[in-house]
Every structure is written in structure tokens, then in C-alpha cells.
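Each chain, letter by letter, is given below.
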Amino acid sequence: MRGSDRIEQIYRDVVRRNPGETEFHQAVKEVLETLGPVLDKHPEYAEHKIIERLCEPERQLIFRVPWQDDRGEVQIARGFRVGFNSALGPYKGGLRFHPSVYLGIVKFLGFEQTFKNALTGLPIGGAKGGADFDPKGKSDGEIMRFCQSFMTTLYHYLGEYTDVPAGDIGVGTREIGYLFGQYKRITNRYESGVLTGKSPQWGGSLVRREATGYGTVYFVEEMLKARGDGLEGKTCTVSGSGNVALHVIEKLQQLGAKVVACSDSNGVIYDEQGVDLQVLKQLKEVERRRIRHYVEHRGAAQYLENGCIWDIPCQVALPCATQNELDEASARRLVENGCIAVGEGANMPTTPGGVRVFLNAGVAYAPGKAANAGGVATSALEMQQNASRDAWTFEYTERRLREIMQNIHRDCFETAKEFGSPGNYVIGANIVGFRRVAQAMLAFGVI
Ligand code: NDP
Ligand code: 2IT
């Protein structure tokens, strides 16, 4: 059977065996579509059913998370942890707390994470988890009790050599603190390497907080460099206003680009003179408020309630909020308005139709699994520091991050060329990640 026919059959089976999990189907399809030529070149992958095994998570945990709100009322959330693939290292990937979380979201993220982690070149397998808990409007005490309940079940399945969670949407340093505190208390172990994204005051790595955003910008810088261009003076828009978006904005500004817009799930800030990061950080990181309040501090800026950030003209677009936030129509508008590069800080933010538009228009398009790998890569650096009971400087850690992003870019770039699609980072990233995982799986036999 030809590689592409085999792949179609595998995809049909994935859809049949995982009904209703549309985001998971989408993530699998996007990867599988690029692997036909790899199967033709490596018949051993088909013979050992590597792709079929890769599409089936190694383990999936769904659990009840009961907690009490500030009025004493009992609330019940659903918790998840999916260990997707441990061929290259312990399960590694973030936790997402958002009302939209269900198994299909966790599986799409875990599947992507497997390839992303392989791309980093560091010894980490792929996983994801979270809960359909909505942290918006919750008090500190409610967040703490929720995290404690979540960890009280999950701790059985974690360990520095087994499964190492971190943050994602709705999970930052505060939540990692409550989770780690509970893990330490129940297990009677100060096992720093069991979670990453910790505060540098108690075992975290410097630069982890900034890493996803900074790494995404480094990747875009490399893409532009490969085309004889750079970020200096470029007008950029960045969706979202969370951890990733804020640090994308920070690094873009450091490199001389101008960021004119950011957003949240309610609206868009358009600041033609360039976003004031200090104001934004104060609002988001310190006061934990919505971006609509930004205009109270910057008179010239506009708040566009329910606006679409991709309507705003830019040369570089950086989707850093959530999956499928940039559709085909938005991609068309971006191209019409002169967009030349897209770097995905978020996971799968562009729909398949949107990706096609970018590739056909010759836009330098960096898929999330390559562009945002700096976050998990720096998590792996945090694990290294924890294992050696060491703490590196900011400068050293950032240098490591930058080298990792440059290496990922080079590997994707060269592999795309090898497979006859120069400049196509989708093909490059999928094939590099897949081959690394596949080689380890072959070595381990049928497990
Ligand atoms: P945060 O929780 O810090 O911020 C999320 C941001 O995205 C907020 O501005 C939020 O707006 C917006 N957002 C979330 N969900 C939606 C939605 N359904 N519709 C519209 N806007 C939404 O999360 P992060 O910054 O950590 O994560 C952002 C993206 O980056 C995610 O896709 C995540 O998977 C990815 N990522 C994160 C990494 C990390 O290290 N943190 C690493 C690699 C990828 P609002 O406040 O209105 O909800
Ligand atoms: O999507 C991601 O790569 C993350 N949320 C970070 C995972 C991690 O383990 O640092």
C-alpha cells in the first residue's frame, strides 16, 4: 500500500475510535497529511505500525475534582491527564484550566506536545492535562482549594521520572505553587523535578516564565533571517494577553518591532503608537483585570469590544490565545493587508483553511509545535537544574533557549528542503518530530 493510502486509512480509524473529539481529529490529520513521503522512504515504520501506535495515547486518566467555593457550596469539576507518548522521556506537558476543556482538547494538545517535545532535542515525552474548571472570578482561596483537590488525585501518577506537568491556559506560577505544595505535603518529598514553571524562589528556572513568548519571537526572527529580512521596524499584532502574549510583546519590542494590538476573549486593544507593556503587565499580571481597562491609562488607544484582531493591518501576526482563533477569512484579510510572517505562540491557533491560505500566499508560517517549543524546552532546562540541584543565571538560560530555537528552525528548514518543500515549516516540523519519536519506538520493540 502507498504511504498516503495507508495514512488515509489510519485517519479514518482515528475518527471512528475517538468520536466527537474534533480538535484531536484536526491535530492528527494535520500531522498525518505530511507523513506519506516518510512512510514511502521508511517501510519499517508502517511494518511496525508506528503511526497507529502514536495516535493512541499510552494512558488516559479522567477524575472527579470536588472542591468547596467561598460560600461553602460543593462544586465538581472534571480533571484529565493524558500521557501520550514516553518514547523520548517522561511524560511532559502543561495543565489547562478552562471551561472548554474536555478529552478531545487534552488529546489534541498531548498529541501535538509529543512532536513539539521531540523537536526540542531534549529528553521529554508528550502529555497534557487540565480541568473544565473556570478560574475567572475565583478568589485565591478557591483557586488553592481547587488545586489541592486536583493534586490529591493526580499525585499518584506523577514523578520526576514518570510525568512532569507545567502550566498552560489558566495555570501560572500561582497555581503551580498550590499544586507543588500539595504534592510535597502528600508525598513527604521535596521533589522539585515533578512540576515545572515553579517560581525561581523555590526551585523554578529563570526565563521559564518568558520562554514561550521569547522563543516564538526567536523562531520568527530566524524565519525572516532566512529570507534576508528582520524584525526591526515591523508592525505586529499579538492575540491574547496572557503569559505567552505578554512575553511575545516584550521580546518583539526588545528587537525593535512595533506591537499595535493585543486582545482577550472579550475584545481588542488597538494602540497605533505601540502597546505600552508596563501598563499591560500591571493590569494583567498584578491586578488580574481585563484589557478593556488599558484605555483608562492610554487615551489614544482604542478598545474594540468583540473586535477581530486579524482585521488590523500588520506585517507579522502572532496568535497567542487559543486553538482555531485564526480562520480562513482572517488569514485572507491578513495577507491582503500585507502580512508576511505568522508565528504561532498558541497551540493550533490557525484553522486548516487558514494554514492553506498562508502557505499558498508564500507567508513565512511557523506552526505552533515548532514556534512555541521554547516554553517546554525551558521546562526541560528547569528539570536539568533540579536534577543537579543548581540554578542558572538569566543570561545563560536565555542563551540556551535561543540556541534551541535556532536549532529547531534549522532542523525544520533543512528537512522541508530534503522532502522537496523548501520553506514549508509544517512539513519540516512534523517530519523532524515524527522521525525522532519513531526511531525510539522502533528501538524499544512492541510496547
Ligand atoms: P494564559 O491563561 O496566560 O492566557 C490565555 C490568553 O488567551 C488570555 O488572554 C485569554 O483571554 C485568551 N484565551 C484563552 N482562551 C480563549 C478563548 N477560548 N477565546 C479567546 N481567547 C482566549 O495562557 P497562556 O498564555 O499560557 O497560553 C496561551 C496559548 O499558548 C495557549 O494556546 C497555550 O496552549 C499556548 N502555549 C502556552 C505555553 C506556556 O508555557 N504557557 C507553552 C506553549 C504554548 P481571556 O482572559 O479572556 O480568557
Ligand atoms: O503547550 C506547551 O508546550 C505548554 N503548555 C508548556 C508545557 C511544559 O511542560 O512546559
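Reading guide: rules and limits
- Residues numbered from 1 in each chain as written.
- Chains lettered and ligands numbered in written order.
- Predicted model: local features only at pLDDT ≥ 70, side-chain atom pairs only at ≥ 80, totals over all residues.
- Heavy atoms only, no water.
- Helix = DSSP H or I, 4+ residues; strand = E, 2+ residues; numbered from the N terminus.
- Rg over C-alpha atoms; globule rule 2.2 N^0.38 Å.
- Buried < 20%, exposed > 50% of the residue type's maximum accessible area, 1.4 Å probe, protein only.
- Contact = heavy atoms within 4.5 Å.
- Areas by Shrake-Rupley, 256 points an atom, 1.4 Å probe, with all protein chains shown as cover.
- Lys, Arg positive; Asp, Glu negative; His and termini not counted.
- Charge placed at Lys NZ, Arg CZ, Asp CG, Glu CD.
- 1 Å grid on protein atoms, 1.4 Å probe; cavity = no way out; pocket = protein on both sides within 12 Å on 5 of 7 lines; lining within 4 Å.
- Points joined across faces, edges and corners; volume = space filled by probe spheres on them.
- Nonpolar A, V, L, I, M, F, W, Y, C, P; charged D, E, K, R; others polar.
- Near = heavy atom within 4 Å.
- Polar contact = N/O pair within 3.5 Å; in protein donor to acceptor, adjacent residues only side chain to side chain.
- Salt bridge = Lys/Arg side-chain N within 4 Å of Asp/Glu carboxyl O.
- Pairing = 2+ DSSP bridges.
- Axes fitted to C-alpha atoms, helices over the stretch in contact; angles between N-to-C directions.
- Parallel < 35°, antiparallel > 145°, perpendicular 65-115°, else oblique.

Q: Can you walk me through the overall build of the chain in this structure?
A: Secondary structure summary: the chain contains 18 helices and 12 strands in total. Relative to the globule expectation of 22 Å for 447 residues, the C-alpha radius of gyration of the chain, 21 Å, shows essentially globular dimensions. With respect to the three principal axes, the spread of C-alpha positions in the chain is 65 × 55 × 45 Å. Going through the 447 residues of the chain one by one, you find that 57% of them count as buried. Within the chain, residue pairs in contact and separated by at least 24 positions form 72% of the contacts whose partners lie at least 6 positions apart. Split by element, the accessible area of the chain, about 18,000 Å² in all, is 48% carbon and sulfur. Treating the 53 positive side-chain charges of the chain as one cloud and the 54 negative ones as another, the clouds have centres 3 Å apart.

Q: Can you walk me through empty space enclosed by the protein in this structure?
A: Any space left empty among the atoms is revealed by the rolling of a water-sized probe across them. Per the stated rule, a full pass over the model turns up one cavity of 30 Å³ or more. Put simply, the largest cavity is a space of about 30 Å³. As for the largest cavity, its lining consists of N85, A87, L88, T114, I124, G125, G126 and V437. Grouping the constituent residues of the lining of the largest cavity by class yields four nonpolar, four polar and no charged.

Q: Even after reading the chapter, I still don't get the site of ligand 2, so can you show me in this structure?
A: Neighbouring ligand 2 are 14 residues, the closest being K92, K116, K128, D168 and S379. Take G167: an N or O atom from its main chain is 3.0 Å from a nitrogen atom of ligand 2. The contact in question runs from a nitrogen atom of ligand 2 to an N or O atom on the side chain of D168, over 2.9 Å. Its free accessible area being 300 Å², ligand 2 has 94% of it covered by the protein chains. Of all the elements in the fold, those that place two or more residues in the shell around ligand 2 are β3 (91-97), α6 (103-120), β5 (163-167) and α16 (373-387). Classifying every residue of the shell around ligand 2 gives two nonpolar, seven polar and five charged.

Q: Which parts of the structure should I look at to understand the pattern of salt bridges?
A: Side-chain pairing between opposite charges can occur once the charged atoms of the two side chains come close. Per the stated rule, a full pass over the model turns up 35 salt bridges. One salt bridge connects E21 with K107, and the closest N-O pair in it is separated by 2.7 Å. One end of the pair, E21, is in the loop between α1 (3-17) and α2 (22-32); the other, K107, is in helix α6, and 86 residues separate them in sequence. Across this residue pair, the class does not change: E21 and K107 are buried. One salt bridge in this structure joins E112 and K369, with 3.4 Å as the shortest N-O distance. Within this pair, whereas E112 is found in helix α6, its partner K369 is found in helix α15 (residues 368-371), the two being separated by 257 residues in sequence. Pair check on accessibility: E112 and K369 agree, each one buried. One continuous salt-bridge network, built from bridges that share partners, spans E30, E112 and K369.

Q: For this particular structure, what's the right way to read the environment of K258?
A: In this fold, K258 is placed in strand β7 (residues 258-263). A relative accessible area of 36% means that K258 is categorised as partly exposed. Put simply, K258 and Q406 are 148 residues apart on the chain and 23 Å apart in space, counted from C-alpha to C-alpha. In this structure, K258 is in contact with K234, T235, C236, E272, Q273 and G274, ignoring residues within four places of it in sequence. Reaching out from K258, the side chain makes a polar contact with the backbone oxygen of E272 at a distance of 3.0 Å.

Q: Is there a simple way to explain the layout of surface pockets in this structure?
A: Its volume calculated, the second largest pocket comes out at about 410 Å³. Those elements that place two or more of their residues in the lining of the second largest pocket are α2, α14 (352-360), α15 and α18 (425-444). The biggest single contributor to the lining of the second largest pocket is α14, with four residues. Looking at side-chain class alone, the lining of the second largest pocket contains eight nonpolar, six polar and seven charged residues.

Q: Quick question: what am I supposed to make of the pairing of β5 here?
A: For a regular strand, the rule is simple: side chains alternate between the two faces of the sheet. Burial analysis of β5 places four of its five residues in the buried class, which makes it a mostly covered element. Sheet topology note: the β3/β5 ladder contains five bridges and is parallel. Note on β5: the bridge partner recorded for G94 is A166.

Q: I'm lost on the site of ligand 1 in this one. Help?
A: Residues in contact with ligand 1 amount to 24 residues; listed here are only the nearest, D168, T212, S265, R290 and N347. Measuring from an oxygen atom of ligand 1, one finds a side-chain N or O atom of R290 at 2.5 Å. Protein contact buries 84% of the 890 Å² of open area that ligand 1 shows by itself. For the shell around ligand 1, the elements supplying multiple residues, two or more each, are α9 (208-226) and α10 (243-254). Partitioning the shell around ligand 1 into residue classes produces five nonpolar, 12 polar and seven charged.

Q: What is the right way to look at the packing of α1 against α2 in this model?
A: When two helices pack together, their arrangement is given by the angle between the helix axes and by the axis-to-axis distance. Relative orientation of the contacting elements α1 and α2 amounts to 170°, with a least axis distance of 10 Å. Comparing the axis directions of α1 and α2 gives the class roughly antiparallel. Across the interface between the two elements, I7, I10, Y11, V14 and V15 from α1 touch F24, H25, V28, K29 and L32 from α2. A class-by-class count of the residues in the contact of α1 with α2 yields eight nonpolar, one polar and one charged.

Q: Hey, could you run me through the sheet that holds strand β2 (residues 74-85) in this one?
A: Picture the strands of a sheet paired through backbone hydrogen bonds; they go either parallel or antiparallel. Pairing is mixed across the open sheet formed by five strands, whose spatial order is β1-β2-β4-β3-β5. Two strands lie at the open edges of the sheet, namely β1 (59-68) and β5, each paired on one side alone. Between one strand axis and the next, the sheet turns by 20° as a mean value, whatever way the strands run.

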